[in-house]
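Overview (structure and organization)
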Amino acid sequence: MTLHDRLSIPDQVAARKMGDETILLNLETGTYFGLDKVGSRFLELLEQNGEIAAAHRTMLEEFDVAPEVLEADLLRLSEEMRAKGLLALI
């Protein structure tokens, strides 16, 4: 997976924001996943256009983090969520 990939939330996944956190549930598998403030922001940005790179650019402006650290974190989170069926490649 790279910054150039596009992702979406599959139809079988329910997401609910609670304060700064987001809870996701894969209704087919029962997989439950919680996101903190940063992960929730990433998911919000993905919902807008699906582009990891666009989310990365926006988050660099919003959070005090090195570009390479944010890239590694977003790609790791994306892979983990894909493996759990919570995100899908577009």
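Structural notes, computed from the coordinates. Fair warning: this is a prediction, and the values are worked out from it, not measured in the lab.

Here is what the cut-offs are and how they apply
- Residues numbered from 1 in each chain as written.
- Predicted model: local features only at pLDDT ≥ 70, side-chain atom pairs only at ≥ 80, totals over all residues.
- Heavy atoms only, no water.
- Helix = DSSP H or I, 4+ residues; strand = E, 2+ residues; numbered from the N terminus.
- Buried < 20%, exposed > 50% of the residue type's maximum accessible area, 1.4 Å probe, protein only.
- Contact = heavy atoms within 4.5 Å.
- Areas by Shrake-Rupley, 256 points an atom, 1.4 Å probe, with all protein chains shown as cover.
- Lys, Arg positive; Asp, Glu negative; His and termini not counted.
- Charge placed at Lys NZ, Arg CZ, Asp CG, Glu CD.
- Pairing = 2+ DSSP bridges.

Counting its secondary structure elements, the protein chain contains three helices and five strands. Start at the N end of the protein chain and walk to the C end: the helices and strands fall as β-β-β-β-α-α-α-β. Counting only C-alpha atoms, the protein chain reaches 35 × 30 × 20 Å along its principal axes. Expressed as a percentage of its 90 residues, the buried residues of the protein chain come to 37%. Within the protein chain, residue pairs in contact and separated by at least 24 positions form 53% of the contacts whose partners lie at least 6 positions apart. Accessible surface for the protein chain amounts to roughly 5300 Å². Of this, 48% is attributable to carbon and sulfur atoms. Looking at the protein chain, you have 9 positive and 17 negative side-chain charges, and the mean spots of the two groups are 3 Å apart.

With that out of the way, let us pick up the pairing of strand β2 (residues 13–18). Here six bridges tie β2 to strand β3 (residues 21–26), and the two strands are oriented antiparallel to one another. Within β3, the residue paired with A14 across the bridge is L25. Connecting β2 to the antiparallel partner β3 that follows it, the hairpin turn spans two residues, and G19 within it adopts a positive phi of roughly 70°.

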